[in-house]
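Listed below are the residues making up each chain.
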Amino acid sequence: MISSSSLIESRLNSSPNHSDPDTESKVRSSIRAINETIQSNANEPSLAFYRIQEHARRTLPTMVQKRMELDNLHERMNGLIFDVEYSVEAVKSLGTSDEHFNNIATYLEKSVYISKQMNLLKQQQIQQQLLEKRGES
């Protein structure tokens, strides 16, 4: 990599209009001083910490917000996982409840049969009462 001082010096040397040597030495010493200042400022530890602080100040609020969103999503996911696991267990337990459903169906059929028998008995009683009333008159 070519440093800026060597680049400027090469341009000064290749320049067709050579100025006086006093001016050239002043320009070269000024360039060296500027380069040293730039390098020392660029490598200054407090400046590096300042840049780190600025970066943290800019990015931290976004990172905190994203972290909160991630935590909320994590909680939702845990809730959904619990719901799915509970549903899977409920579906698995349906397989073992065939006997219960068969018992319920049998009792429903019996209750419908008994209900029909009771309705027939009520109708027979009503018809018998009507016949008795007609017979008395």
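As the structure is a prediction and not an experimental result, all values here were calculated from the model. (Residues numbered from 1 in each chain as written. Predicted model: local features only at pLDDT ≥ 70, side-chain atom pairs only at ≥ 80, totals over all residues. Heavy atoms only, no water.)

Caption draft 1: Quick look at the side chain of Ser97. With respect to the helices and strands, Ser97 occurs in the loop between helix H3 (45-95) and helix H4 (98-136). Among the polar contacts made by the side chain of Ser97, one reaches the main-chain carbonyl oxygen of Ser93 at a distance of 3.2 Å. (Helix = DSSP H or I, 4+ residues; strand = E, 2+ residues; numbered from the N terminus. Polar contact = N/O pair within 3.5 Å; in protein donor to acceptor, adjacent residues only side chain to side chain.)

Caption draft 2: Summary view of a nonpolar patch on the surface. Together, Val91, Leu94, Phe101, Ile104 and Leu108 give the surface a local cluster of nonpolar side chains, amounting to about 500 Å² of exposed area. Here the nonpolar patch gets three residues from one element, more than from any other, and that element is H4. (Patch = residues over 30% accessible without salt bridge, like charges linked within 9 Å, V, L, I, M, F, W, Y side chains within 5 Å. Areas by Shrake-Rupley, 256 points an atom, 1.4 Å probe, with all protein chains shown as cover. Salt bridge = Lys/Arg side-chain N within 4 Å of Asp/Glu carboxyl O.)

Caption draft 3: Layout of the pattern of salt bridges. Per the counting criterion, the structure on display carries five salt bridges. A salt bridge links Lys26 to Asp22; the shortest N-O distance between them is 3.6 Å. Within this pair, Lys26 and its partner Asp22 are both found in helix H2 (residues 21-42), separated by four residues, close to a single helical turn. Classification of Lys26 by relative accessible area gives exposed; the value is 51%. For Lys66, the salt bridge goes to Glu69, with nearest N and O atoms at 4.0 Å. Taken together, the positions of Lys66 and Glu69, both in helix H3 and three residues apart, correspond to about one turn of that helix. (Buried < 20%, exposed > 50% of the residue type's maximum accessible area, 1.4 Å probe, protein only.)

Caption draft 4: Geometry of the packing of aromatic side chains. Applying the stated rule across the entire model yields one aromatic pair. Note on Phe82 and Tyr86: the rings are 6.4 Å apart at their centroids and 20° apart in plane angle, and the pair reads as stacked. Here Phe82 and its partner Tyr86 are both found in helix H3, four residues apart, which amounts to about one turn of the helix. Classification of Phe82 as exposed rests on a relative accessible area of 54%. Tyr86 sits in the exposed class, given a relative accessible area of 59%. (Phe/Tyr/Trp six-rings, centres within 6.5 Å; stacked < 30°, edge-to-face > 60°.)

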